[in-house]
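Structural overview
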There are 2 protein chains.
Amino acid sequence: MTPLLPEGFRDRLPPHADAAAAIEARVLESARLYGYERADPPLVEYADALGSRLKDGALTDAVRYVDPVSQRTLAIRPDVTAQIARIAATRMGHHPRPVRLSYAGPVLKLRSPELAPAREWRQIGCELIGLDSVPAAQEVVAVAVSALTAAGATGLSIDFTLPDLIATLAAGPLPVAPETIATLQDRLDAKDAGAVAAIAPAYLPLIEAAGPFDTAMARLRAFDTGQVLASRLDGLAAIAAGLGEGVALTLDPTERHGFEYQSWLGFSLFIAGAGREVGRGGTYTVMHEGGAEEAATGFSLYADAILATAGPVDRRRLFLPFGTPADAGAAMRAAGWVTVAALEPGDTPEAQLATHLYADGEARALR
Amino acid sequence: MTPLLPEGFRDRLPPHADAAAAIEARVLESARLYGYERADPPLVEYADALGSRLKDGALTDAVRYVDPVSQRTLAIRPDVTAQIARIAATRMGHHPRPVRLSYAGPVLKLRSPELAPAREWRQIGCELIGLDSVPAAQEVVAVAVSALTAAGATGLSIDFTLPDLIATLAAGPLPVAPETIATLQDRLDAKDAGAVAAIAPAYLPLIEAAGPFDTAMARLRAFDTGQVLASRLDGLAAIAAGLGEGVALTLDPTERHGFEYQSWLGFSLFIAGAGREVGRGGTYTVMHEGGAEEAATGFSLYADAILATAGPVDRRRLFLPFGTPADAGAAMRAAGWVTVAALEPGDTPEAQLATHLYADGEARALR
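Residues numbered from 1 in each chain as written. Chains lettered and ligands numbered in written order. Predicted model: local features only at pLDDT ≥ 70, side-chain atom pairs only at ≥ 80, totals over all residues. Heavy atoms only, no water.

So, on to the overall build of chain A. Broken down by element type, chain A carries 12 helices and 16 strands. Taking the principal axes of its C-alpha atoms as reference, chain A extends roughly 80 × 55 × 50 Å. Once local pairs closer than 6 in sequence are excluded, the contacts in chain A between residues at least 24 apart make up 64%. In the form shown here, chain A has an accessible surface area of approximately 14,900 Å², with 55% of it arising from carbon and sulfur atoms. Of the charged side chains in chain A, 32 are positive and 44 negative; the average position of the first set lies 3 Å away from that of the second. (Helix = DSSP H or I, 4+ residues; strand = E, 2+ residues; numbered from the N terminus. Contact = heavy atoms within 4.5 Å. Areas by Shrake-Rupley, 256 points an atom, 1.4 Å probe, with all protein chains shown as cover. Lys, Arg positive; Asp, Glu negative; His and termini not counted. Charge placed at Lys NZ, Arg CZ, Asp CG, Glu CD.)

Now the structure itself:
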């Protein structure tokens, strides 16, 4: 039998689609209270323009097609952050900094990695354009925590990383040949001590500097004898200090996968019950026309990953028997009821998954 | 200079994106109160499957690409209704009828007509699968009116049409050669009396039977000497009678454009201030596997068309001077304020479009 949908795509059905929309609304409302206003870029952009908005960002695995109107290649967005960067650099280029924007919408990929087969998902996020300072990161992390809490998540933890750590050390106290840096980063990310020892043994202590935040920080401070990382570590400490007791913190300074365009700071967000990260963020660089660069900080959440941890949905539905006057139904809706009207004499409360029956002017519980 | 976005695509910026999202939320909440639960189908489907779900529906102007995984042609949805029909006929095929579903999301076209240049827009709608009766149409029209009212629209009017009118007459009392029916429908839709007189003069009175509802209905009744249309006209009269005084009604029985897959009933929705229709709906036929047909009724709204009529947005923003304690900001957000925190000493309320300043523990109006 032919599957209904191509691999990596799925329908969200009741009641999960309503629940996902509710989570999204709570996340965006949290961000709105911190001054983040929504931007809604289109699904489609010029492929070359979309790929050049984030420093070190690349347009990978986007669905592309030739526009019959412009004869240029268009891309369906695989990521919204690059679009927000474009908006901030162009249409809102004249706006005083920082600019705070939020967004929510679907993103699409041509292919997916084997371990994460989805080719479409909803990206919800916030971007603070113009700053990548410690106060900027503190705000962005606080908005993320507030959004997840508003969405009903518990057991929050944040795993910090320092995406440009190796590049910084390699350009300074621990020189590494430029052509070797990518391999070293990859092997450190994989915690492959043997390979790291063979390539650049001076970096070996970094493998041990991962884990619970305070321990990892102490090891990093001990490793950083030349104080090259001092400002980064002080920043991380300040961000961590600003978070409440309820958020567990870890540090994996050499984690790089998924943080390809982040600059000094990256973080992954986890919540109880989710099998994978529910979001990620960090600092990055927006490219303006003419090559000017602008600092930015932001995060994205994945509604489906959050939804997977949510409890059962309460569905109260009031059945209106066939012939119930329209104004009676309207009165019950005005009182907050979800009404389900019989449109034929034979319809039943059971068929309509009703929990209550309208009779004699009131709602009676059916179970 | 190269335009930022391809023709037919646009960014929605603050505060309009928030306003559009608010309209959408109100529309969906209205529908939820009538028992319509959300379904969220993917952006992408198998092209052949998507094109075959609605009787007389065709997959026109969809963006298509070859899936590297399945090697089959996929289509980005140009319309959500066909997807809801697929869900109702397959995954929810076992669910008792009628099934009530709502949805909201972007749709995409490869090309656009010259007069309506958008190639992407948000479609919001409700579908009632299993019925196309008068009570079904009454409910669907009532949900549409309620949704538009909740979205803040005023001056509602509904223009009804009878999409299969010509086919019904041509198969009955006023025979027309099958190869001529499409031309006749087209010329009647264009109110081209000369052409209609040349093709099938018996249909000429239909051109005059368009306009204010009661007048048009009287002319149609007079035209329908053989009572072939009696059940349709009685149904229309019942639907009209169920609507309140506040909704203006017109009838254009031969309007066909945009109602290609509708069966006995179609309607367009208008509101004060919108230059074009803000939605449309009607009855249609869902195709099941094996060729079985199922009646359905629904409507779609276009958030942008509604938004165009909305008034200015009230943006109250409370500026928190640099160094304001985190718990002070949290207390103001808990009290309902949108806070905008200075993240640098030099930031100002003016730069952040703030209307209020936090000082001495309270919010002071700036203008």
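From this point, the discussion proceeds with the structure in view.
Turning to the sheet that holds strand β2 (residues 44–46) of chain A, a few remarks are in order. Residues and elements named next belong to chain A. One open sheet accounts for 3 strands, arranged β2-β4-β3; its pairing is antiparallel. The open sheet is flanked by β2 and β3 (64–66), the only strands paired with a single partner. Strand-to-strand twist of the sheet, defined as the mean angle between neighbouring strand axes without regard to direction, takes the value 35°. Here 3 bridges tie β2 to strand β4 (residues 73–76), and the two strands are oriented antiparallel to one another. Looking across to β4, one finds that tyrosine 46 is bridged to leucine 74. (Pairing = 2+ DSSP bridges. Axes fitted to C-alpha atoms, helices over the stretch in contact; angles between N-to-C directions.)

Moving on: the relation of the copies chain A and chain B. Between chain A and chain B, which share one sequence, the superposing operator has a rotation angle of 180° and an axial displacement of 0.0 Å; the RMSD is 0.0 Å. Here the transformation between the copies is reduced to the relation of a two-fold axis. Scanning chain A for the C-alpha nearest the rotation axis identifies A:Tyr65, at a separation of 3.7 Å. When the interface residues of chain A are mapped onto chain B, 100% of them again fall at the interface, so both copies present the same face. (Least-squares fit on C-alpha atoms with pLDDT ≥ 70 in both.)

Here we come to the packing of helix α4 (residues 134–150) of chain B against helix α10 (residues 230–241) of chain B. Residue and element names in this part refer to chain B. Contact geometry for α4 and α10: axes closest at 9 Å, N-to-C directions at 35°. In this structure, the crossing between α4 and α10 has a hand that is right-handed. Counted together, Val134, Ala137, Gln138 and Val141 of α4 and Gly235, Ala238 and Ile239 of α10 form the full contact between these two elements. When the residues that make up the contact of α4 with α10 are grouped by side-chain class, the tally is 5 nonpolar, 2 polar and no charged. (Left-handed = near helix turned anticlockwise from the far one by under 90°. Nonpolar A, V, L, I, M, F, W, Y, C, P; charged D, E, K, R; others polar.)

At the junction of the two partners, chain A supplies 75 residues and chain B supplies 75 residues. Here chain A and chain B share an interface that buries about 6,900 Å² over both sides, 60% of which is from carbon and sulfur atoms. When the buried surface of chain A facing chain B is broken down by residue, A:Leu4, A:Arg38 and A:Leu343 rank first, second and third, together holding 10% of it. Linking chain A with chain B are 12 salt bridges, by the criterion used here. Residues A:Asp11 and B:Arg86 are paired through a salt bridge, measuring 2.8 Å at the closest nitrogen-oxygen approach. Summed over the shared surface of chain A and chain B, the result is 28 residue pairs in polar contact (both at pLDDT 80 or more). For the side of chain A that touches chain B, the element with the most residues is helix α1 (residues 16–33) of chain A, which contributes 5 residues. Taken together, the residues of the side of chain A that touches chain B break down into 42 nonpolar, 7 polar and 26 charged. (Buried area = accessible area lost by both parts, 1.4 Å probe. Salt bridge = Lys/Arg side-chain N within 4 Å of Asp/Glu carboxyl O. Polar contact = N/O pair within 3.5 Å; in protein donor to acceptor, adjacent residues only side chain to side chain.)

Residues and elements named next belong to chain B. Reading across from one edge, β14-β13-β15-β16 is the order of the 4 strands in this open sheet, with mixed pairing throughout. The outermost strands of the open sheet, each flanked by one partner alone, are β14 (339–341) and β16 (362–365). With strand direction ignored, the average angle separating the axes of adjacent strands in the sheet is 35°. With 4 bridges joining them, strand β15 (residues 356–359) and β16 adopt antiparallel strand pairing. Across the sheet, residue alanine 359 finds its bridge partner in β16, namely glutamate 362. Strands β13 (318–320), β14, β15 and β16 of the sheet are contacted by helix α12 (residues 326–334), whose axis makes an angle of about 160° with β14.

Okay, the domain arrangement of chain A next. One widely used convention gives an interface's size as the accessible area the parts lose upon coming together. All names here are of chain A. According to the domain assignment, chain A contains domain 1 (1–153 + 273–314), domain 2 (164–255) and domain 3 (318–365). For domain 1 and domain 2, the distance between their C-alpha centres works out to 27 Å. When the two sides are added together, the surface that domain 1 and domain 2 hide from each other amounts to roughly 430 Å², 86% of it contributed by carbon and sulfur. The interface formed by domain 1 and domain 2 includes 1 residue pair in polar contact (both at pLDDT 80 or more). Of the residues in the side of domain 1 that touches domain 2, the class split is 4 nonpolar, 1 polar and no charged. (Domains from an automatic or database assignment.)

Residue and element names in this part refer to chain A. What UniProt calls "binding site: L-histidine" (unreviewed entry) maps, in this numbering, to Asp79, Val80, Thr81, Gln123 and Glu127. Spatial clustering of the annotated residues is evident: they stretch over 49 residues in sequence, but the largest pairwise C-alpha distance comes to 12.9 Å. For threonine 81, the position within the fold is in helix α3 (residues 81–89). Take threonine 81: its relative accessible area is 2%, and that puts it in the buried class. Setting aside residues up to four positions removed in sequence, threonine 81 forms contacts with Leu54, Tyr103, Gln123, Glu127, Tyr261, Tyr284 and Ser300. Residue position: glutamate 127 is located in strand β6 (residues 120–129). The exposure class assigned to glutamate 127 is buried, which follows from its relative accessible area of 1%. In contact with glutamate 127, other than residues within four places in its own chain, are Tyr36, Thr81, Ile84, Val99, Arg100, Leu101, Tyr103, Tyr284, Thr297, Gly298, Phe299 and Ser300. Within the local environment of glutamate 127, its side chain forms a polar contact with the side chain of threonine 81, the two groups lying 3.2 Å apart. (UniProt positions renumbered as here; feature names shortened; annotations may be inferred. Buried < 20%, exposed > 50% of the residue type's maximum accessible area, 1.4 Å probe, protein only.)

To continue, consider the pattern of salt bridges. A full pass over the atoms with the stated rule returns 46 salt bridges over all chains. Residues A:Asp164 and A:Arg232 are paired through a salt bridge, measuring 3.0 Å at the closest nitrogen-oxygen approach. On the criterion of sequence distance, the pair formed by A:Asp164 in the loop between β7 (157–161) and α5 (165–170) and A:Arg232 in helix α10 (residues 230–242) is long-range, its members being 68 residues apart. Neither residue differs from the other here; A:Asp164 and A:Arg232 are each classed as buried. A salt bridge links B:Arg187 to B:Asp192, with the nearest nitrogen and oxygen atoms 2.8 Å apart. For B:Arg187, a relative accessible area of 26% translates into the label partly exposed.

This paragraph deals with the environment of A:Trp337. Locating A:Trp337 in the fold gives a position in the loop between α12 (326–334) and β14 (339–341). The contact partners of A:Trp337, leaving out residues within four places of it in the chain, are A:Arg316, A:Leu318, A:Met332, A:His356, A:Ala363 and B:Leu33.

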